[in-house]
Amino acid sequence: MTDTSVNARRLVTTTLPTEHGAFQMLGYDGADGLGHVALVMGDLAAGMDDLPPLVRVHSECLTGDALGSRRCDCGEQLDAALAEIAREGRGAVVYVRGHEGRGIGLLAKLNAYALQDAGLDTVDANLELGYPADARDYADAADILRDLGAPRVRLLSSNPDKSRRLAELGIEIVSRQPLPVPDRPENLTYLTTKRERMGHDTLSSPDVWSELLAGRMPPTAPAGSDAVLLDRYGPLVDREEVAIAQLAQSIDGFIAARSGDAEFVSGTEDRTHLHRLRALMDAVVVGVGTVVADDPRLTVRAVPGDSPTRAVLDPTGRSPRRSAVLADGAAPTLWLVGERADVPDDVPAHVTVLRLPAGEDGFAPQQVLEVLRQHGLRRVLVEGGGRIVSSFLEAGVLDRLYLTTAPLLIGDGVPGIRFAGTDRLSGALRAPARRFVLGEDVCTELDLAAARQS
Ligand SMILES: Nc1nc2c(ncn2[C@@H]2O[C@H](COP(=O)(O)OP(=O)(O)OP(=O)(O)O)[C@@H](O)[C@H]2O)c(=O)[nH]1
Ligand SMILES: [Zn+2]
């Protein structure tokens, strides 16, 4: 145990580039002669009115931090803390050496692990070995925070005792928030014991998908599959107006065989991805060819979320009256037909007929988007088929294209993306790209808006 009157002194300042960006790294001596480290981003000692910085006081854990152990959640918490701080652009991790094994040391912790292998919980194992349940001393950490100009902090921790102890040492804990780290099957007993016997909070991580559906970015950095959702769909959130397209085609560029058979070009993960895109948009656009060939419902079924309004581009009004979009009422349908198209007067209540001028190639994409905007539909997914997606692409009105390629060669059939193109590759459409592996398929996301800007 350390004496709280001992000061940890700053001895060295350098930098540490990390996966989460570059941090200033400060080295401190400590009461036990062990060095501590502070990783700092931004100006912690900003003006009085400013929000106090996010701070993680992290207890050394060789097994979790360095070896990737799943017995505890230390490594993931450290990573999540750096990510959270990088996201705000301001904050610090104080990495406290000498805290190994809640202050009992590495070998004692391993002995405690051995007792836990035999059935004791993490608290009783310490007690059995003659140690307190928690032997950590936070005096050095408090000294370091004062030295950093951060006597007031927003603490990243699930441990109310850590917060109390720092407060006793003069650090003002303005708020305390748990880090979003998932429970693992291997550490569930450990986490449950911490919650039941050591008063740690149960993390109620925000439901990232609900947040995205509501048009919000989650307040804290999620982990695991939630992080994937945020990474993949975050760019679509918080945009009042956005036009995207998606298409699934064989690796040789066809969306269906010669007969029009398009059943299952891509797999279930791509279908889920498509339903997520639908759920995030106000309207989904398809051409009449797709309605005739596939009779899609265009609703959201694979994930939670509301179905978008369905917009059918049908210059001659040839959509079958019994097609799902015209008959099923599962979502509103805008039936966009040419000025002289022959459509019945008695359409079902969920269908609105809109007439607009059509050229030889059908409706102009800009005009379609304008009509949708007039109906309050500003977030639009163009879903098929190949000709419609290609025409929107060629018109330069798409912000993003999600093109999924499935490992299948059709040889000949209904083409996917096709447009006039250029004679030389230098004129080809290039855009910043990301790739998502969706089961056997690969989805390539092209940021067309970024390509237009550059
Ligand atoms: N003695 C002992 N120490 C452990 C055990 N598992 C993890 N530790 C140590 O516990 C420390 C981390 O403490 P935790 O209780 O997991 O978390 P915390 O720091 O109190 O709380 P958070 O701020 O929410 O992370 C690290 O130093 C680990 O080495 C264990 O089973 N026995
Ligand atoms: Zn640990």
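Cut-offs applied
- Each chain has its residues counted from 1, following the order in which its sequence is written.
- Each chain takes a letter, starting from A, and each ligand takes a number, starting from 1, following the order in which they are written.
- For this predicted model, a pLDDT threshold of at least 70 governs which residues receive local features, and a threshold of 80 or more governs which side-chain atom pairs are given and counted, while totals over whole chains, interfaces and linings are taken from all residues.
- Any two strands are treated as partners once DSSP identifies two or more bridges connecting them.
- Secondary structure elements are defined from DSSP: runs of H or I of at least 4 residues count as helices, runs of E of at least 2 residues count as strands, and each element is numbered from the N terminus.
- Fitted lines through C-alpha atoms give the axes, limited to the stretch in contact for helices. The angle between two N-to-C directions lies from 0 to 180 degrees.
- What counts as a contact here is a pair of residues whose C-beta atoms, placed from the backbone, lie within 7 Å.
- UniProt positions are given in the numbering used here, feature names are shortened, and annotations may be inferred rather than shown by experiment.
- With C-beta atoms placed from the backbone, a residue is buried if 20 or more other C-beta atoms are within 10 Å of its own, exposed if 12 or fewer are, and partly exposed between those counts.
- Being near a molecule or strand means, for a residue, that its C-beta atom, positioned from the backbone, comes within 6 Å of it.
- Asp, Glu, Lys and Arg are counted as charged, while Ala, Val, Leu, Ile, Met, Phe, Trp, Tyr, Cys and Pro are counted as nonpolar; the rest, among them Gly, fall into the polar class.
- Within a predicted model, pLDDT stands for the predictor's per-residue confidence, ranging from 0 to 100.
- Nonpolar cores are identified as sets of buried Ala, Val, Leu, Ile, Met, Phe, Trp, Tyr and Cys residues joined via C-beta atoms within 7 Å.
- Whether a crossover is right-handed comes down to one check: with the strands pointing away from the viewer, does the path from the first strand over the helix to the second run clockwise; if it does, it is right-handed.

Moving on, we get to the sheet that holds strand β4 (residues 54-59). Here seven strands make up an open sheet; going across it, the order is β1-β2-β3-β5-β4-β6-β7 and the pairing mixed. A strand with exactly one partner marks an edge of an open sheet, and here the two such strands are β1 (10-18) and β7 (172-177). The average undirected angle you get between the axes of adjacent strands in this sheet is 25°. Strand direction decides the pairing type here: β1 and strand β2 (residues 21-28), joined by eight bridges, are antiparallel. If you follow threonine 13 over to β2, its bridge partner there is leucine 26. Of the strands in this sheet, β4, β6 (152-156) and β7 are in contact with helix α7 (residues 160-168), which crosses β7 at around 170°.

Further remarks concern the UniProt feature "binding site: GTP" (unreviewed entry) in the protein chain. When the UniProt feature table is mapped onto this chain numbering, "binding site: GTP" (unreviewed entry) sits at Arg56, Val57, His58, Ser59, Glu60, Gln77, Glu100, Gly101, Arg102, Thr122, Ser157 and Lys162. Within the secondary structure, valine 57 is located in strand β4. Overall, valine 57 belongs to the buried group, with 29 C-beta atoms counted inside 10 Å. Once you skip the residues sitting within four places of it in the chain, valine 57 turns out to touch Val94, Val96, Tyr138, Ala141, Lys162 and Leu166. Among the structural elements, glycine 101 can be located in helix α3 (residues 100-103). On the neighbour-count criterion, glycine 101 (26 C-beta atoms within 10 Å) is buried. Once you skip the residues sitting within four places of it in the chain, glycine 101 turns out to touch Leu106, Ala108, Lys109 and Ala112.

Neighbouring residues of ligand 1: 21 residues in total, closest Ser59, Cys61, Ser157, Ser158 and Asn159. When contributions to the shell around ligand 1 are tallied by element, the ones reaching two or more residues are α2 (74-88), α3, α4 (106-117) and α5 (122-128). Across the shell around ligand 1, the residue classes tally to five nonpolar, 10 polar and six charged.

Considering every residue of the protein chain, the mean pLDDT works out to 91; 95% of them sit at 70 or more. Predicted complex, confidence summary: ipTM 0.95, pTM 0.57.

Here we have nine strands laid out as an open sheet, ordered β13-β12-β11-β10-β14-β8-β15-β18-β17, and mixed in their pairing. The open sheet has two edge strands with one neighbour each: β13 (351-355) and β17 (433-438). Averaged over all pairs of adjacent strands, the angle between strand axes in this sheet comes to 20°, irrespective of strand direction.

Ranked by size, the top nonpolar core spans 60 residues in total, and within it Val285 and Val380 carry the most contacts. Broken down by element, this core gets its largest block of residues, six residues, from strand β8 (residues 242-250). Formed by 41 residues, the second largest nonpolar core is a distinct cluster that contains Leu39, Met41, Tyr138 and Val153.

Buried residues dominate helix α15 (residues 386-394), accounting for seven of its nine residues. Among the residues of α15, Gly386, Arg387, Ile388, Val389, Ser391, Phe392 and Leu393 are the ones counted as buried. Of the residues trailing α15, glycine 396 is marked for its positive phi of about 70°.

In this structure, glycine 385 follows glycine 384 across a cis peptide bond, with omega equal to -10°. Residue position: glycine 385 is located in the loop between β14 (379-384) and α15. The backbone of arginine 102 shows a phi angle near 50°, a positive value even though the residue is not glycine. Structurally, arginine 102 can be placed in helix α3.

Here we take up the pairing of strand β10 (residues 283-287). Counting buried positions along β10 yields five of five residues, so the element is predominantly enclosed. Residues Ala283, Val285 and Gly287 point to one face of β10 and Val284 and Val286 to the other, with burial holding for every one of them. Relative to strand β11 (residues 309-314), β10 runs parallel, the two being bridged by five bridges. Considered in β11, the bridge of valine 286 is made with valine 312. With helix α12 (residues 288-294) bridging β10 and the parallel β11, this β-α-β connection has right-handed handedness.

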